[in-house]
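Inside the fold
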Amino acid sequence: MEVLFDSWVLPILRVSTPLIFAALGGMWCERSGIVQIGLEGFILVGSFFGAVSTLYFNNPYLGFIIAGLAGMALATLYGIAVLRYRANQIVAGTAINLFALGVPPFLSKIWYDSTGSTPPIPTEAQFHVAPLYLMIALVVICHHAFYYSKFGLRLRFAGEHPKALESAGVSVGFKRWQGVWISGFLAGLAGGTLSIYLSSSFIRNMSAGRGFIALAAVILGKWKPIPTVLACLLFGLTETIQIRLQGVVLWGTEPVPVQWIQILPYLITIVVLAGAVGRSYAPKGLGTS
Amino acid sequence: MNVIEFKRVAKSFGDVVANRDLSFEVKAGTIHGLIGENGAGKSTAMKVLFGIFPADSGEILIRKKPTRITNPVQAMRLGIGMVHQHFMLAEPETVLDNIILGHEPGWFPGLIFRDKARKELTEISKNYGLAFDKWDVPVSHLSVGEQQRVEIIKLLYQRSDVLILDEPTAVLTPQEVKELFQNLLRLKQEGKTIILISHKLKEVLEFTDYVTVMRRGETVGTKVTNETNEDELAEMMVGRKVSFTYQGIRRILSDSTEIPSILKVKGLSFKGLSESCVDVTLNLRQGEILGIGGVQGNGQSEFLRFLSNPKEYFHKVSGEYTIRDQSVLADSPLDLRKRGVSLVPEDRLAEGLLLQQDMTENFLLGQHEDPRYQSKFPGLLDRDAARARVEQNIKAFDIRPPYPTVWSGRMSGGNQQKLVIARALDSKPEILFVAHPTRGVDVGAIELIHEAIMNERNAGRAIILFSSELEELIDLSDRIAVFYGGRIQAEFGRKEFDPWKIGKTMGGGNKE
Amino acid sequence: MSDNLMVVRTSFIQRFFQSIGVSSFQALLRSLIKSFAGAGLGLAAGLLVCYYAGEPPLKILKILYQSSFGSGYDFGMTLYYTAPLILTGLAVAIPFKAGLFNIGAEGQLTVGALAAAWAGVLGAGITSPFLAVLFAATFAFAAGGIWGAIPGFLKALRGSHEVITTIMLNFIAAGMTAYFTLYTIKDPNSAQAETIPVPESFFLKPYEVFNGAPMGNLIWFLIVLAILMHFWIWNSRWGYCLKALGENERAAETYGITKQRVWVSSMFVAGGLAGLVGLVEILGNSHKFKIGFSADWGFVGIAVALVARGNILGVLPSALLFGMLQKGAGSLDLETEKVTRDLSYLIQGLIILGVASEGLWDGLSRFLGNHLKQRARAKQTGGTK
């Protein structure tokens, strides 16, 4: 039992943590009616600033919050382009991702004279288990806020039927801003878990497609909190399998190629998307502003 | 006491005047009908009251106080609520959530007390005799009639005293209509004021206390319902002078039975997206105009879509559809074109035009495979040829501005329509489907368009004319078929044309 | 029929305006202003960031310029960066005409490049350079095209949104090509993750003037290709269907344009064009497939198409602009203390945001448009409108 926990349950939960943070953020944003392709960028910026501020303050909690705020700051840039100046959401999201690729190397050169990584974070300033608990708390909070709070109800309507919300006297624009900010903050936290919790420094292109996997999880989870989290766990499982199967010979004489396991989450997403889950589950007002 | 008074209210959108002069009053605790033909400005009038469009001039008095309503929220606070034609309901969400949205019991930003809301709603439903209790069901599981009831409960929950219903019966079955009016009468007993927008005389006469008639953006007058009758109201609605009467030549059809039918539809039934057709049988002969009338939402739109694109319906349709005795059930629009069918679609902006392309490009739409417009090089189009035809049509139809390079989106409605009709006639079609050819078109263009359609008829083409304007149908058609509930309710030959009789069948009445 | 037609002559300028989708000179100017202002704002913001790093913006500009055009080699390298961007720019711009967002150019170019490298392995016996290049180009185009057509098919058959599927396919392409590179056609003589080099007959010879920069006749081919694509889209029936569907889906369907066919075909062509990046990289430059060779060309292609405002011809100057930026940024590592080549990511992102933010330029272009109109009116009365 303990072996199972140590070798499977815990690793899965650990690698799923950043996915869950980012996916829940993306879910809120998409539910408010704004397409969120920029998660990848928020994660990257979050993980960089998380590492930098943890190094600076020698305090992972402070670093974690600053990671979230950094993601939120980038989300604000996205929001200005999309909500204020009517930029196309997909184009702007792609721009955010490109922009975010440049931020860490640019700043790390100035601050550390390195090309895109930070010095290692001392062990005493690293997280050991806290983000895991935070993640579990976040899932509970998101689930409740989503279904049982005024905020959740109104945000859902902003994406599903903005006119109904507007005619009930609630500003759709502000709800969407809130959705964008939440996605930035949570994806920033996801970045924080990558650099402060799962490893001990920021390295170049640390997000490595997790933003897109998180987005895939939102879609597989039909834009609902618990199914989204389950989809994240599924992707966490494939990642764990991939780590554990490295160099393992299952059949024949060659080890299982990691590449095939790496593409599994994306393959699952396409198959499911083309199969059962169509567009019908997406919020009706998604992408219209 | 007057809850609402309109005093010389006017509203226009750019150059289009929607409401010229609205003056009427609504007494508290009554059902007040607001009737008029399509496009008379009823909906705009109510949207002005509800604050969706602020009025340009004039005054609105709410409970004797002059009030300027600039947004729906303000209207709601004044106790005015509206059930829109398109419901403001999010389908995947529960009924309860849809109702309480924006007025959730509980503390901000905390949790919602759904139990409290449920209790209150059950109370409301009981007090007003609405017999509804599916609070936790997603809206998508409800019938249209139930969704409408949810909209009404929403207004009651928001404590509205004045309920505006915009064409509430347009989407309902007769059974649901009956229930709706029972509910409305009960609401009146409980002291609510109801404004009912409609163009169905029968229901207005039966259920209202007062009725205000609108015509072309103006209020013609208000009557006590008990002291008026169908004929009087109809006359007020239509006006004495008919705005457009076709004066030109009408070639007499020899004996219509001698001419064989070129297009036949037999026993056609299918369920479409919003409407369905049930057992529709029609014949169309050369040299005649077959008018299709009916209240919007009774199956005509879907029928037209089927006629012009049967392939899309191939899997869900039963019955026959033949042209020159060949089945065309599997035909795509381009196949039909090759059989000499041409189309003027219902909604020219949504279905007919590429607004950011010039006239030549628009002219090629649907004709992009026409051999006349192919270049010598395979796969290329000959735009010079198309452009020359556009120049000719600009002259023939007096399209303005008279340059083929003008974007169709920058032309007026009338000129856009002329372009669409010119395009439909360009291939010298033998069969022509024309839908609402003069909707939103200025008077000058109407005459020209009618003449063009009539010329085609006189030249021996077979034409099906869809229109919601009864006058237009009577003016142009040789026969009129009326749709009601997806069926052909009645068919009239030219000698039997009588606006009142036809109008009666449009409302579901029998021919005799 | 044609005998009674009036002879209509259209001036060349009018035709040109029509073909690039503007109604008049003013409209052309307005859309140019939007692009330039957006790009300028992005660049300015990027330079401002450099100022924070302690490098004077003018110096950065000078480095960017010199590094792009300073010598034959530099210019050749600029063209080497421009060439893939022309292709990916087209790969985004063409489906966009039909209303599709191709975020998948990155995956399509990866698959195409691997196919080109594979063609070298399979066609090792081909000695004629012409046939060899044709062979590789066909492979690259077909592979990229099929990869691109998958999202088109999924959308046509199942209604899956192309943005999501193309993103997912990018990752799948990366994983799959990595697998084939490492396991199937790996170069046994190399410690790196790269494929067997293509035979010499497949090499595209660079120009001498470029002093070793890997660019030759190919650039002319690409320029002609872009012009032909422009001509084809504007004049052909296929291009007409594309445009009609992109502008008004319902109208196109009502008038008999099959949207499924257009989706699949336009995505096939787009994917094929992106796949031709294999020519630039495999045949022209490294002669083998290396994992991660692309400088995010697929994504920058979105920026290229955007700055070109979806215009096929506009892709050429737009690709050059971004090519300059990518090449120029490379020199920042050496020539400055604090700014690295990664600045190009910042600037590219900011340029896209600047150009995409439609609302930002409405006021400006309206103002300038009115100004121009007034001046035109002052000169002469009349004209269209």
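Just so we're clear, the structure is a prediction, and the values are computed from it rather than from any experiment.

1. Some points on the overall build of chain B
- Each helix and strand in chain B was counted, giving 17 helices and 20 strands.
- Relative to its length of 512 residues, chain B is compact, with a C-alpha radius of gyration of 25 Å against a globular reference of 24 Å.
- Taking all 512 residues of chain B together, 56% fall into the buried category.
- Sequence-distant contacts in chain B: of pairs separated by 6 or more residues, those separated by 24 or more amount to 64%.
- Carbon and sulfur atoms make up 50% of the accessible area of chain B, which totals about 21,800 Å².

2. Section: the packing of aromatic side chains
- This model, assessed by the stated rule, comprises 40 aromatic pairs over all chains.
- Ring centres of Phe-212 of chain A and Phe-171 of chain C lie 5.5 Å apart, and the angle between their planes is 55°; on these two criteria the pair is classed as tilted. With Phe-212 of chain A in helix α9 (residues 210-220) and Phe-171 of chain C in helix α7 (residues 162-184), the pair connects residues from two separate chains.
- For Phe-212 of chain A, a relative accessible area of 9% translates into the label buried.

3. Some points on the interface of chain C and chain B
- Each partner contributes residues to the interface: chain C has 34 residues there, and chain B has 41 residues.
- Overall, the association of chain C and chain B removes approximately 3,400 Å² of surface from exposure, summing both partners, and the carbon and sulfur fraction of that is 55%.
- Of all residues in chain C, Arg-237, Tyr-240 and Tyr-255 of chain C bury the most surface against chain B, accounting for 24% of the area lost on that side.
- Applying the counting criterion to the chain C and chain B interface returns 2 salt bridges.
- Ionic pairing is found between Glu-351 of chain B and Arg-250 of chain C, a salt bridge with its closest N-O pair at 2.8 Å.
- In this assembly, chain C and chain B are joined by 16 residue pairs in polar contact (both at pLDDT 80 or more).
- Tallying contributions element by element places helix α9 (residues 237-247) of chain C first for the side of chain C that touches chain B, with 6 residues.
- Class assignment of the residues belonging to the side of chain C that touches chain B gives a composition of 14 nonpolar, 13 polar and 7 charged.

4. Observations concerning the packing of helix α2 (residues 39-57) of chain A against helix α4 (residues 89-112) of chain A
All names here are of chain A.
- Contact geometry of α2 with α4 gives a least axis separation of 7 Å together with a crossing angle of 20°. The orientation of α2 relative to α4 falls into the category roughly parallel. Considering only the axes of α2 and α4, their crossing is left-handed. In contact with Leu-39, Glu-40, Gly-41, Phe-42, Leu-44, Val-45, Phe-48, Phe-49, Val-52 and Leu-55 of α2, α4 contributes Ile-96, Asn-97, Ala-100, Leu-101, Val-103, Pro-104, Leu-107, Ser-108, Trp-111 and Tyr-112.
- Counted by class, the contact of α2 with α4 contains 16 nonpolar, 3 polar and 1 charged residues.

5. A few points about the sheet that holds strand β13 (residues 289-293) of chain B
Residues and elements named next belong to chain B.
- Here we have 6 strands laid out as an open sheet, ordered β16-β17-β18-β13-β19-β20, and mixed in their pairing. Edge positions in the sheet fall to β16 (341-344) and β20 (487-493), since each of these pairs with one other strand and no more. The sheet shows a mean angle of 15° between the axes of neighbouring strands, direction not considered.
- Taken together, the 4 bridges between β13 and strand β19 (residues 479-484) define a ladder with parallel strand orientation. Note on β19: the bridge partner recorded for Leu-290 is Arg-479.
- Sheet strands in contact with helix α9 (residues 300-308) are β13, β16, β17 (431-435), β18 (462-466) and β19, and its direction is about 150° off that of β18.
- Set on the sheet, helix α17 (residues 499-506) makes contact with β19 and β20; between it and β19 the angle comes to about 30°.

6. Considerations on helix α3 (residues 57-69) of chain C
All names here are of chain C.
- Helix length check: α3, at 13 residues, gives a terminal C-alpha distance of 18 Å against a target of 18 Å (1.5 Å per residue), a fit within 8%.
- Taken as a whole, α3 has its buried residues at Ile-60, Ile-63, Leu-64, Ser-67 and Ser-68. For α3, the angular spread of buried residues about the axis comes to 120°, placing them on one side. Set apart from the buried face of α3 by more than 90 degrees, the exposed residues are Leu-58, Lys-62 and Tyr-65.
- Packed against the buried residues of α3 are α2 (25-53), α4 (72-97), α14 (315-330), α15 (332-335) and α16 (343-356).

7. Focus on the domain arrangement of chain B
- Domains assigned within chain B are domain 1 (2-238) and domain 2 (353-428).
- Here domain 1 of chain B and domain 2 of chain B have C-alpha centroids that lie 44 Å from each other.

8. Some remarks on the sheet that holds strand β12 (residues 276-285) of chain B
All names here are of chain B.
- Spatially, β12-β11-β14-β15 is the arrangement adopted by the 4 strands of the open sheet, whose pairing is antiparallel. Edge strands, defined here as strands with exactly one partner in the open sheet, are β12 and β15 (326-327).
- As paired elements, strand β11 (residues 261-271) and β12 share 7 bridges and run antiparallel to each other. Note on β12: the bridge partner recorded for Val-265 is Leu-282.
- Along the sheet, α9 makes contact with β11, β12 and β14 (318-323), crossing β11 at roughly 120°.

9. Topic: the interface of chain C and chain A
- The interface of chain C with chain A comprises 48 residues on the first partner and 43 residues on the second.
- Of all residues in chain C, the largest losses of buried area upon contact with chain A belong to Met-168, Phe-171 and Leu-353 of chain C, amounting jointly to 15% of the total for that side.
- If you look at where chain C meets chain A, you find 1 salt bridge.
- The interface formed by chain C and chain A contains 3 residue pairs in polar contact (both at pLDDT 80 or more).
- Breaking the side of chain C that touches chain A down by element, the ones donating at least two residues are α2, α6 (129-158), α7, α13 (297-307), α16 and α17 (358-379) of chain C.
- The element best represented in the side of chain C that touches chain A is α7 of chain C, accounting for 14 residues.

10. Section: the environment of Leu-169 of chain C
- By secondary structure assignment, the location of Leu-169 of chain C is in helix α7.
- For Leu-169 of chain C and Pro-57 of chain C, which are 112 residues apart along the polypeptide, the C-alpha to C-alpha distance reads 39 Å.
- If near-sequence neighbours (up to four positions away) are discounted, Leu-169 of chain C is found in contact with Ile-270 of chain A together with Trp-147, Ile-150 and Pro-151 of chain C.

11. Section: the pairing of β19 of chain B
Residues and elements named next belong to chain B.
- Among the 6 residues of β19, 5 are classified as buried, and the element is accordingly described as predominantly covered.
- Where β19 lies against β20, 6 bridges are found, and the strand directions are antiparallel. Residue pairing in the sheet places Ile-480 in a bridge with Phe-492 of β20.
- What sits between the antiparallel neighbours β19 and β20 is a turn of 2 residues, in which Gly-485 has the positive phi angle 55°.

12. Describing the side chain of Ser-301 of chain B
Residues and elements named next belong to chain B.
- For Ser-301, the location among the structural elements is in helix α9.
- Within polar-contact distance, the side chain of Ser-301 engages the side chain of Glu-346 at 2.7 Å.
- When residues no more than four places from it in sequence are discounted, the contact partners of Ser-301 are Glu-275 and Glu-346.

13. Regarding the packing of helix α5 (residues 105-122) of chain C against helix α12 (residues 277-286) of chain C
Residues and elements named next belong to chain C.
- Where α5 contacts α12, the axes come no closer than 8 Å and their chain directions differ by 45°. The orientation of α5 with respect to α12, classified from their angle, is oblique. Viewed along their axes, α5 and α12 form a crossing whose handedness is right-handed. For the pair α5 and α12, contact is made by Leu-109, Gly-112, Ala-113, Ala-116 and Ala-117 and by Val-277, Gly-278 and Ile-282, respectively.

Rules of the game
Residues numbered from 1 in each chain as written. Chains lettered and ligands numbered in written order. Predicted model: local features only at pLDDT ≥ 70, side-chain atom pairs only at ≥ 80, totals over all residues. Heavy atoms only, no water. Helix = DSSP H or I, 4+ residues; strand = E, 2+ residues; numbered from the N terminus. Rg over C-alpha atoms; globule rule 2.2 N^0.38 Å. Buried < 20%, exposed > 50% of the residue type's maximum accessible area, 1.4 Å probe, protein only. Contact = heavy atoms within 4.5 Å. Areas by Shrake-Rupley, 256 points an atom, 1.4 Å probe, with all protein chains shown as cover. Phe/Tyr/Trp six-rings, centres within 6.5 Å; stacked < 30°, edge-to-face > 60°. Buried area = accessible area lost by both parts, 1.4 Å probe. Salt bridge = Lys/Arg side-chain N within 4 Å of Asp/Glu carboxyl O. Polar contact = N/O pair within 3.5 Å; in protein donor to acceptor, adjacent residues only side chain to side chain. Nonpolar A, V, L, I, M, F, W, Y, C, P; charged D, E, K, R; others polar. Axes fitted to C-alpha atoms, helices over the stretch in contact; angles between N-to-C directions. Parallel < 35°, antiparallel > 145°, perpendicular 65-115°, else oblique. Left-handed = near helix turned anticlockwise from the far one by under 90°. Pairing = 2+ DSSP bridges. Expected span 1.5 Å × (residues − 1). Arc of directions from axis to C-beta. Domains from an automatic or database assignment.

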